[in-house]
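Descriptive analysis of the structure
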There are 4 protein chains.
Amino acid sequence: MSKNPDGKQIKVGILGATGTVGQRFVTLLAKHPWFTIHVLGASSRSAGKPYTQAVMWKQTTPIPSVVRDMIVRECHPEHFTECAIIFSGLDADAAGEIESAFRNADLAIFSNAKNYRRDPSVPLIVPLVNDSHLSIIPQQQALQNPPLKKGFIVTNANCSTTGYVIPLRALERAFGPIESCLVTTMQAISGAGYPGVPSLDIIDNVVPYIGGEEEKMEWETLKILGGIADGDDGMKTFDMHARHPLRVSASCNRVPVIDGHTMCVSVRFQQRPPPSPQQVREALVAYTPEAQSIGCPSVPVHAIFVHEEPDRPQPRLDRYYQDGAGVSVGRVRQCPVLDIKFVVLANNVSIGAATSSIINAELAVLKGVVKVE
Amino acid sequence: MSKNPDGKQIKVGILGATGTVGQRFVTLLAKHPWFTIHVLGASSRSAGKPYTQAVMWKQTTPIPSVVRDMIVRECHPEHFTECAIIFSGLDADAAGEIESAFRNADLAIFSNAKNYRRDPSVPLIVPLVNDSHLSIIPQQQALQNPPLKKGFIVTNANCSTTGYVIPLRALERAFGPIESCLVTTMQAISGAGYPGVPSLDIIDNVVPYIGGEEEKMEWETLKILGGIADGDDGMKTFDMHARHPLRVSASCNRVPVIDGHTMCVSVRFQQRPPPSPQQVREALVAYTPEAQSIGCPSVPVHAIFVHEEPDRPQPRLDRYYQDGAGVSVGRVRQCPVLDIKFVVLANNVSIGAATSSIINAELAVLKGVVKVE
Amino acid sequence: MSKNPDGKQIKVGILGATGTVGQRFVTLLAKHPWFTIHVLGASSRSAGKPYTQAVMWKQTTPIPSVVRDMIVRECHPEHFTECAIIFSGLDADAAGEIESAFRNADLAIFSNAKNYRRDPSVPLIVPLVNDSHLSIIPQQQALQNPPLKKGFIVTNANCSTTGYVIPLRALERAFGPIESCLVTTMQAISGAGYPGVPSLDIIDNVVPYIGGEEEKMEWETLKILGGIADGDDGMKTFDMHARHPLRVSASCNRVPVIDGHTMCVSVRFQQRPPPSPQQVREALVAYTPEAQSIGCPSVPVHAIFVHEEPDRPQPRLDRYYQDGAGVSVGRVRQCPVLDIKFVVLANNVSIGAATSSIINAELAVLKGVVKVE
Amino acid sequence: MSKNPDGKQIKVGILGATGTVGQRFVTLLAKHPWFTIHVLGASSRSAGKPYTQAVMWKQTTPIPSVVRDMIVRECHPEHFTECAIIFSGLDADAAGEIESAFRNADLAIFSNAKNYRRDPSVPLIVPLVNDSHLSIIPQQQALQNPPLKKGFIVTNANCSTTGYVIPLRALERAFGPIESCLVTTMQAISGAGYPGVPSLDIIDNVVPYIGGEEEKMEWETLKILGGIADGDDGMKTFDMHARHPLRVSASCNRVPVIDGHTMCVSVRFQQRPPPSPQQVREALVAYTPEAQSIGCPSVPVHAIFVHEEPDRPQPRLDRYYQDGAGVSVGRVRQCPVLDIKFVVLANNVSIGAATSSIINAELAVLKGVVKVE
C-alpha cells in the first residue's frame, strides 16, 4: 500500500456517518491505506449507540468490522479534536452551522454538502480537475476571526457537475477554451439520498426535473473550470472562467437507475477548426490529472476510460469499474449543431460524492495543506 | 360520432396484424367511427388461424370481439382487394417488398415502416404537421409503371421524430425558421417492438445508443418540416428545409420506461431577438393543425398540451392523456446556449406509430386522396 | 346508466381527499351514476384551498372538472351534514378519531382505514364476498351512546385480503369449508401509499416483509369468510369461521410493480376427495355474488375472470381489466402438498381499496342500510 | 491461496464460453487458485476469433486479461484433450450431444445444463448438500461402452432448486426427514439467460409462470435430498427420498430483479413436535457441509447466513455477499399451516450456476474422482 508523506496513520472523523454519503465514507475509509476512522458523528438521535444500532445500513457490503461497535458521537467539535481530517456527509440543512463550528475549532473539513460551494473563499474541488484551487486555503484561514492555523473547509461538487467537468477539463487542457456546453443528464436515484425518490414517482418513468440541479451545474462548472485571479488588493478571487466566457446549458432528468449518472454532452470550442472526434478521444485517454501524478492512493488508473463500443458507457455495466473513482466516456462524434458530442458516465456515489472528498483530502495531505502531526 | 364525407363504413386491412404495431392498429380501428377492419394480414405462420390463436396479445385491453375469430390471411394483395385503405405495421425486413406489391395492386397503403420514408415520391407525414405533403401523391401514382389510379404509399415518421416535430412546427409557424435544434431523447422500450430490448439490458440501466435512430431523427426532421418545391421540369421535390438551412443534432437513449418517449429539446431561431419563453408557451397552446380544423375523428383536442408544473410531462402520468394522440410539452425556459429549451413527451405507440397512420388516412379521406366508393 | 332505488342523486363526502386513496375515490365518484361529490375533506394544511391547489395529483387521468375548483374543507362533521355517505381514505393515524366523530354525528362512513376492522360491531366487508355482514349495523347503531339512527362505520379489508378471499369464497360456496390456505403475495408499491416505498428499496429488488400485513391477512380472512352467530343474549357476533376452523398462513412480499397484487394460493378442502382443477375453474367462473344480482353499478361483469393461458394473470396486462373491479385467477392446478393451487391478481387500488368502499355503499343503499332522503 | 492436493495448476476448458453462464465461468476461473483456463469452446460462429471479439461481454467487471486474446475453439473434444476438467455452460439444445461426445473422449465434465440431470447414472450435485453422490461415478464410467477411466458427467441443479435445498438439507440433518415442502419463488431475470426475458414482459410486472421450472424443482429436490441405494444386483440407484416420502409443491414466478432468486418456503417435519423457530435458526447457522470441512477453495465461510432483521434477505442487498457462494435465510417463524416458514435468497448466477460447478469440481479433485496428472 502506498505511504503518506510521513508514513503515519492519519485519524479522521466522519460527520453524518449514518446517512447515505456517510455510509459510503465508512465503507471507503475502513480500507484506506492512510486514514483511520477515529470518530463517527451523527445526530443526537444516534449519539451514544454503537454504529450497528444507529445506522440503517444500505450498502451491498457488510458494515466494516472496525466501526461495528464504535459509539456514535454528536457532531460537536470537542469529540473530534484528535482528527486531522473531518469528512462531512451532512445534509444541507445541518451542514451550514456544524461545518462552520468545526472550522472555528480549527479543524480541516472536506465536505460533500452544498452549503459553502459558493463561498468566495472556499474552494470547490473536483479532485481530477482543479486541485490547484487549494491555493486559496491560506486566504480562507486568514479571513476567519481569529485567523486559523489548520482549520478550513473544502467542498466537492454536485454529483452531476463532477462527472462531466472531468472530460471538459481534459478537452480544455488539450484544445483550449470551450465556448459552449449543452448537457442533458439522466441521473440515478441514489443521487437524491435516502429515502429520496418515492418508487411511485420513478418506476416506469422519467422525471424531467431535479430542483436546483441545473443551476448548480451551470454555476459550479464555471467556478471549477475557471482560474484564480490575483486582485490589486492582494486578494485571490475565483474568476468563473471569465477570461473566456463559457455558456453552459443543463437539462437534468431523474431515471430509474440505482447508481450512475449518464450525461449527453455537446461542446463548442473557441479553436477553429475544432478538434476531430479522434483527437478528442486521444486527448481524453491521455488526460493525467495531478492527483495521479503525485500519487493519491484513491485515484483510478484511468481518470477517463474511453469506450469504443457504440453502446457504452452504460450505468449498470460500467459504474463500478475502478470502484467508481474514474469516469467513462463513449460515443465521441461530431455534433451537427455545436462541434463534438459524447456520453459521460460517472458513479454519483463514488467520484460524485465520497471518493471525491477522500481524494481531495489525499491531495491536501500531499501538498501540505493538511498538517499531519 | 363524426361522419366521414360519404357517411359510409370504409373497409380497411391491416398488414402485420399480429405484431406490436399491428395489435395497436387492431385496438384503435376496432372502435373507429369510419373504418371497419375487413382483413388481417400476417406471416404464413399465422395465416389460416383465427386471430386469437395467431396473436400473442400484449395489450392491456382484451382482444376486440370483432376480430377474435377473424381468420388471418397472408399478406398478398388478392386478399385485400375490397379494402379502401391498408395499414401496415410490418417489420422493415418484410415491408419493402410487400408494400410495393400492394401499391402495384393499386391499393392505398399507410405504413409505419421505415422502408419508403426516404423515397423522393413518398410523403413522410406527421399528421399534426405536414399533411400538405399529400399533394405529392398524384406524382407518385404517375411515376409507377403502369401509372396508378388509387394506389400509393404514405409513410409516417419514426416515433421519436414524430413527437418533437409537432412543437417545432408550431414554433416555425409562429416565429419563422428554426436554425438549430439539439434534442436528447429518453426512449421507451416499446419503441423497439417485441421481444425488443432484453430485460437484462435495460432494468436499472440506460443504453445511450439506438442503432440508426439519430440519423433518422436528423434526416426525417428536414423532410417533414421542409416544403415541396416545384422544379422547372414540372416535378415536385421535397426541399428538405433548404431555403432556411436547419441543423439538427440528436442523441438517442433507451431508458426503462414502457411507453412514452421523453425528449429534452433546445432550439435557436433565425429571428432576433428570439421569442420569450412565455411567447413560446402561447404559440404551442395556440397551435391548431389542419387535421383538427377539417375534422379528423382521431385527432386530440389539444395537439400540444402545455404543462405549467415544473416537473411535467412525465411518461407514466401523461402518456395516455387524450389516448396518446397529442404531445405534452413542459419546462419551457431560456437556454443559455441556444435560445429556448423545453421537454416533450410523446406516446410512441400512439401518436408515434399507429395513431399517426390512422389520422393520415383520415386526412387522405377528407382530402379525397383516398377514393372511397 | 343504472338508477338507484329512488332515482335521486346522492350527495357524498370524501375524507382524506388529497391522499392516494382519496384521489382514487375522486376519480371514481366523479363519474358515478348515483353519487355526487359534495364535500372534499382533508387536513388543515389543505383546507380553504381549491382542490387543484391542495392536491399533488398522481393519477394518470386529469383531475375531474367537477372537483377542480371545489374548496377543500377540514374533516369536521359540520361540513358534511348534507352528505348521505362519507367515504374515508384517511391514513390510520387520523382515521380513528375522525371516523368516530363522524359516526357520532350520525353519518354513514365507508372506510378504507384499518382502525375499526377488528371492532366487534363493525362489519369488515369485501363487497363480492360478505355483504350479508351489513346485518350487524343495527346493533352497531344501538350500541352507541346515544344510539344512532343513520350513522355507522363499515370498513373494507386490506388490499391483499380482499383479492384472495373472493376466490376462496367462491370455492367455499361450491365445495364447502376450506381447511387450510397458504398464500404468498407479491404486492405492488401503490399498496403502501405515497411517498410510500423509497425507490432505493425496491428497484431491482424484492422486500420479503410488509409490517403487519401477514397478521392482517390471517385474521381478516377469518372475519370475512366466517358467519354471524346469534348469542343467547340476543347479541350478534362474528364467528371467525369457528365452526370449521380455517388455518391461514400468509407470506407477504413487496415487488417492483406499480399496481396489482399477485398471489400464489394453495388450499386444502375439508371435502374428500377434493374437487378437481377443472371443477375449481368452473366454480370460479360461475361465482355470482349478491352485489351483481341486485345491481350495484360498480360491480364488474366477471367477479372472477379465469385465465386459460399458462402465464396469466400478470399485473401489467390484467390489472385494469373491468377497471380493476374484479379479480383474475389463473394456473388452477393440483398442489402436491395441499389440494389445489392457483394464482390470483387483484388491483389493490381498485377492488383492493376505493372500489370496494364504493360497492359497499351501493349495497348499503340498495339494502336500505343507508337512508337516502 | 489454498493448495490443491498436488500443488499443481489444473488445466480446464469451458464449453459455451461466450454465453451467460460461460462468462461467469470465465470470470470466476480467471482468479481461481487451482484451475487455469486452457481452452475456450463456443459455437462455430465464434470459433477462430479472439475471445474479446467473439463475446458480447455482459459482466460488470472487465474481461479478464488472461482470456482476452485467447482464440475460441469449436466444442470438439480434440481441442480439449489437455484439460483435466471441462466446465459446460452450454444451452440445453447443444449440451446433450456435445457433453456426451466429451465423455466418450474420456473427459470429466461438470455441467450446468439440464440434459443429464435425470440420468440414473449421473449425479445431480449441489455442492453444499450431496457431494456424497459422487460415489456413483465409477458405475457411470463402467456403464459406458467402452468403459471409461477418467471421463464422466456431473451436473449441478436448477438455480432455484440449488438455493432452497441447502437449508432443507441443514434441517434434515438436524431434525430428521421433512415430510412436505411448499415453496413460492420470485426469480431473477438472469436465470433465463441472454437475451432471455423481454423487457416488455417484466418491467412493472410479475410473470407467474416459468416453463418446466416447477417440475424441475419438485423432481430435483427428491434426487438431491435422497440417498443412494445398493441394489441386489450390485447396482447403485438414487432412492428419490423414498424411505421418507417427501411432497414438494413449487410455484415459480419471474420478477423484475436482475440477480438473486428469493423464495418463501414452508416445511412440515416428520418429527412431532416439530423444532421451534429458534432451533431452526441455530441448525441453519451450524450447518457445515463437507465442502467446507475438506477445504474447497470456493466455498463461502457461511454456507447459510441467517439474518435477524425482519426484512432480510433482499436480493439487491444480499446477493453478492460472499461472492454469491452461500445462501441467505431470514424470517424464520412458525407456519400456521405447516410447521416452519422462512425466506431464502440464493444468487442464481453464482451458487445457482457457475460457482456450483466449480465447487463440484473442487470436491471431485479433493476426493480423487478427477485424476490430476
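Residues numbered from 1 in each chain as written. Chains lettered and ligands numbered in written order. Predicted model: local features only at pLDDT ≥ 70, side-chain atom pairs only at ≥ 80, totals over all residues. Heavy atoms only, no water.

**Describing the overall build of chain A**
- Each helix and strand in chain A was counted, giving twelve helices and 14 strands.
- Taking 21 Å as the expected radius of gyration for a compact globule of 373 residues, we find that chain A reaches 20 Å, a close match to that expectation.
- For chain A, the share of sequence-separated contacts (at least 6 apart) that also reach a separation of at least 24 residues comes to 75%.
- Carbon and sulfur atoms form 50% of the exposed surface of chain A, whose accessible area is close to 13100 Å². (Helix = DSSP H or I, 4+ residues; strand = E, 2+ residues; numbered from the N terminus. Rg over C-alpha atoms; globule rule 2.2 N^0.38 Å. Contact = heavy atoms within 4.5 Å. Areas by Shrake-Rupley, 256 points an atom, 1.4 Å probe, with all protein chains shown as cover.)

**Comments concerning the pairing of strand 4 (residues 85-88) of chain B**
Residue and element names in this part refer to chain B.
- Of the two faces of strand 4, the one holding Ile85 and Phe87 and the one holding Ile86 and Ser88 are both buried throughout.
- Examined bridge by bridge, strand 1 (residues 10-15) and strand 4 share four bridges and lie parallel to one another. Looking at the pairing, Val12 lines up with Ile85 of strand 4.
- When strand 4 meets strand 5 (residues 108-111), the two strands line up parallel, connected through three bridges. Bridge assignment links Phe87 to a residue of strand 5, and that residue is Phe110.
- Of the crossover connections in this fold, the one passing from strand 4 over helix 4 (residues 92-104) to the parallel strand 5 is right-handed. (Buried < 20%, exposed > 50% of the residue type's maximum accessible area, 1.4 Å probe, protein only. Pairing = 2+ DSSP bridges. Right-handed = clockwise from strand over helix to strand, strands pointing away.)

**Digging into the UniProt feature "domain: Semialdehyde dehydrogenase NAD-binding" (unreviewed entry) in chain A**
- Following the UniProt record, one finds the feature "domain: Semialdehyde dehydrogenase NAD-binding" (unreviewed entry) at residues 11-137 of chain A.
- Helix makes up 25% of residues 11-137 of chain A and strand 18%. Its end C-alpha atoms lie 21 Å apart. (UniProt positions renumbered as here; feature names shortened; annotations may be inferred.)

**Quick notes on helix 4 (residues 92-104) of chain C**
Residues and elements named next belong to chain C.
- Helix length check: helix 4, at 13 residues, gives a terminal C-alpha distance of 19 Å against a target of 18 Å (1.5 Å per residue), a fit within 8%.
- Buried within helix 4 we find Ala95, Gly96, Ile98, Glu99, Phe102 and Arg103.
- In this structure, the buried residues of helix 4 make contact with strand 1 (10-15), strand 4 (85-88), strand 5 (108-111), helix 5 (137-143) and strand 6 (152-155).
- Asp106 sits one or two residues past helix 4 and shows a positive phi near 65°. (Expected span 1.5 Å × (residues − 1).)

**Concerning the relation of the copies chain C and chain A**
- Placing chain C over chain A gives an RMSD of 0.0 Å and needs a rotation angle of 180°, together with 0.0 Å of translation along the axis. Between the two chains, the operation in question is that of a two-fold axis. Residue C:Ser199, judged by its C-alpha, is the member of chain C lying nearest the rotation axis, at 1.9 Å.
- When the interface residues of chain C are mapped onto chain A, 100% of them again lie at the interface, so the same face is used by both copies. (Least-squares fit on C-alpha atoms with pLDDT ≥ 70 in both.)

**Section: the pattern of salt bridges**
- Taken as a whole and assessed by the stated rule, the structure comprises 63 salt bridges over all chains.
- Here B:Asp323 makes a salt bridge to B:Lys31, at a shortest N to O gap of 3.8 Å. Remark: B:Lys31 occurs in the loop between helix 1 (20-29) and strand 2 (35-42) and B:Asp323 occurs in the loop between helix 11 (315-318) and strand 13 (327-334); sequence separation between them is 292 residues.
- Three or more residues joined by partner-sharing salt bridges are found here, namely A:Asp131, A:Glu290 and A:Lys367. (Salt bridge = Lys/Arg side-chain N within 4 Å of Asp/Glu carboxyl O.)

**With respect to the interface of chain A and chain B**
- Between chain A and chain B, the residue contacts involve 47 residues of the former and 47 residues of the latter.
- Summing both sides of the interface, chain A and chain B together bury roughly 3600 Å²; the carbon and sulfur share of this comes to 57%.
- Three residues, A:Asp204, A:Pro208 and A:Val337, lead the burial of chain A against chain B; their summed loss comes to 18% of the area buried on that side.
- The salt bridge partner of A:Arg331 is B:Glu214, with a shortest N-O separation of 2.7 Å.
- Of all the secondary-structure elements, those providing two or more residues to the side of chain A that touches chain B are strand 7 (178-187), helix 7 (199-202), helix 8 (213-225), strand 10 (247-254), strand 11 (261-269), helix 11 (315-318), strand 13 (327-334) and strand 14 (340-346) of chain A. (Buried area = accessible area lost by both parts, 1.4 Å probe.)

**Notes on the relation of the copies chain A and chain B**
- With an RMSD of 0.0 Å, the operation that places chain A on chain B is a rotation of 180° combined with a shift of 0.0 Å along the axis.
- When the interface residues of chain A are mapped onto chain B, 100% of them again lie at the interface, so the same face is used by both copies.

**Structural notes on helix 6 (residues 159-175) of chain B**
Residues and elements named next belong to chain B.
- Here helix 6 is 17 residues long and its end C-alpha atoms lie 25 Å apart, about the 24 Å a rise of 1.5 Å per residue gives.
- At Val165, helix 6 shows its strongest bend, of approximately 30°, with the proline Pro167 following within four residues.
- The buried count for helix 6 comes to 14 of 17 residues, which makes it a mostly enclosed element.
- Its side-chain oxygen 2.8 Å from the backbone nitrogen of Ser160, Asn158 forms the N-cap of helix 6.
- Two residues or fewer past helix 6, Gly176 is found with a positive phi of approximately 85°. (Bend = angle between axes of the 7 residues up to and from the residue. Polar contact = N/O pair within 3.5 Å; in protein donor to acceptor, adjacent residues only side chain to side chain.)

**Remarks on the interface of chain C and chain A**
- With 16 residues of chain C at the interface, the matching set in chain A holds 16 residues.
- Sorting the residues of chain C by area buried against chain A places C:Ser199, C:Leu200 and C:Ile203 first, and these three jointly supply 41% of that buried surface.
- The interface formed by chain C and chain A contains two salt bridges.
- A salt bridge links A:Asp201 to C:Lys58, with the nearest nitrogen and oxygen atoms 2.7 Å apart.
- Across the chain C-chain A interface, the total number found is six residue pairs in polar contact (both at pLDDT 80 or more).
- Residues belonging to the side of chain C that touches chain A are distributed by class as follows: ten nonpolar, three polar and three charged. (Nonpolar A, V, L, I, M, F, W, Y, C, P; charged D, E, K, R; others polar.)

**Section: the sheet that holds strand 12 (residues 304-306) of chain A**
Residues and elements named next belong to chain A.
- In space, the six strands of this open sheet follow the order 10-7-11-14-13-12, with mixed pairing throughout. Looking at the sheet topology across the chains shown, the edges are occupied by strand 10 and strand 12. Going from strand to strand, the sheet's axes swing by 20° on average, the running direction of each strand aside.
- Two strands pair when backbone bridges link them, and strand 7 and strand 10 are joined in this way by eight bridges, in the parallel orientation. In the strand pairing of strand 10, Cys181 is matched with Val248. (Axes fitted to C-alpha atoms, helices over the stretch in contact; angles between N-to-C directions.)

**Description of the side chain of A:Ser251**
- Inspection of the secondary structure puts A:Ser251 in strand 10.
- A polar contact is formed between the side chain of A:Ser251 and the side chain of B:Arg333, at a distance of 3.3 Å.
- With residues near it in sequence (within four places) discarded, A:Ser251 still touches A:Val183, A:Thr184, A:Thr185, A:Glu214, B:Cys264, B:Arg333 and B:Lys341.

**Focus: the UniProt feature "active site" (unreviewed entry) in chain A**
Residue and element names in this part refer to chain A.
- According to UniProt, the positions carrying the feature "active site" (unreviewed entry) are Cys159 and His261. These annotated residues cover 103 residues of sequence, and their C-alpha atoms all fall within 8.1 Å of one another, placing them together at a single site.
- For Cys159, the position within the fold is in helix 6 (residues 159-175).
- The residues contacting Cys159, other than those within four sequence positions of it, are Glu213, His261, Asn348 and Gly352.
- Within the secondary structure, His261 is located in strand 11.
- In contact with His261, other than residues within four places in its own chain, are Cys159, Ser160, Met186, Gln187, Ala188, Gly191, Val344, Leu345, Ala346 and Asn348.

**Things to note about the packing of aromatic side chains**
- Overall, the coordinates contain 36 aromatic pairs over all chains when judged by the stated rule.
- Members of the aromatic cluster, each reached through a chain of ring pairs, are A:Phe25, A:Trp34, A:Phe35, A:Phe87, A:Phe110 and A:Phe152.
- Seen from the ring of B:Phe238, B:Lys223 lies directly overhead, with NZ or CZ sitting 4.6 Å from the centre. (Phe/Tyr/Trp six-rings, centres within 6.5 Å; stacked < 30°, edge-to-face > 60°. Lys NZ or Arg CZ within 6 Å of the ring centre and 35° of its normal.)

**What to know about the sheet that holds strand 10 (residues 247-254) of chain B**
Residues and elements named next belong to chain B.
- With respect to topology, six strands assemble into an open sheet ordered 10-7-11-14-13-12, the strand pairing being mixed. The open sheet has two edge strands with one neighbour each: strand 10 and strand 12 (304-306). Between one strand axis and the next, the sheet turns by 20° as a mean value, whatever way the strands run.
- Sitting on the sheet, helix 8 (residues 213-225) is in contact with strand 7 (178-187), strand 10 and strand 11 (261-269), with an inclination near 145° to strand 10.

**Re the side chain of B:Arg331**
- Here B:Arg331 is to be found in strand 13.
- Polar side-chain contacts of B:Arg331 include one of 3.0 Å to the backbone oxygen of A:Pro208.
- Those residues in contact with B:Arg331 that sit more than four places away from it in its chain are A:Pro208, A:Tyr209, A:Glu214, A:Cys252, B:His307, B:Pro310, B:Arg312, B:Lys341, B:Phe342 and B:Val343.

**Side note on unusual backbone geometry**
- Here the bond from A:Arg272 into A:Pro273 is cis, since omega is -10°, no more than 30 degrees from zero.
- That bond from B:Asn145 to B:Pro146 is cis: its omega, 0°, falls within 30 degrees of zero.
- Assignment of secondary structure puts B:Pro146 in the loop between helix 5 (137-143) and strand 6 (152-155).
- Backbone geometry places A:Asp106, a non-glycine residue, at a positive phi of 65°.
- With respect to the secondary-structure elements, A:Asp106 resides in the loop between helix 4 (92-104) and strand 5 (108-111).
- Its identity as a non-glycine residue notwithstanding, A:Arg331 has a phi of 55°, on the positive side.
- Take A:Arg331: its relative accessible area is 12%, and that puts it in the buried class.

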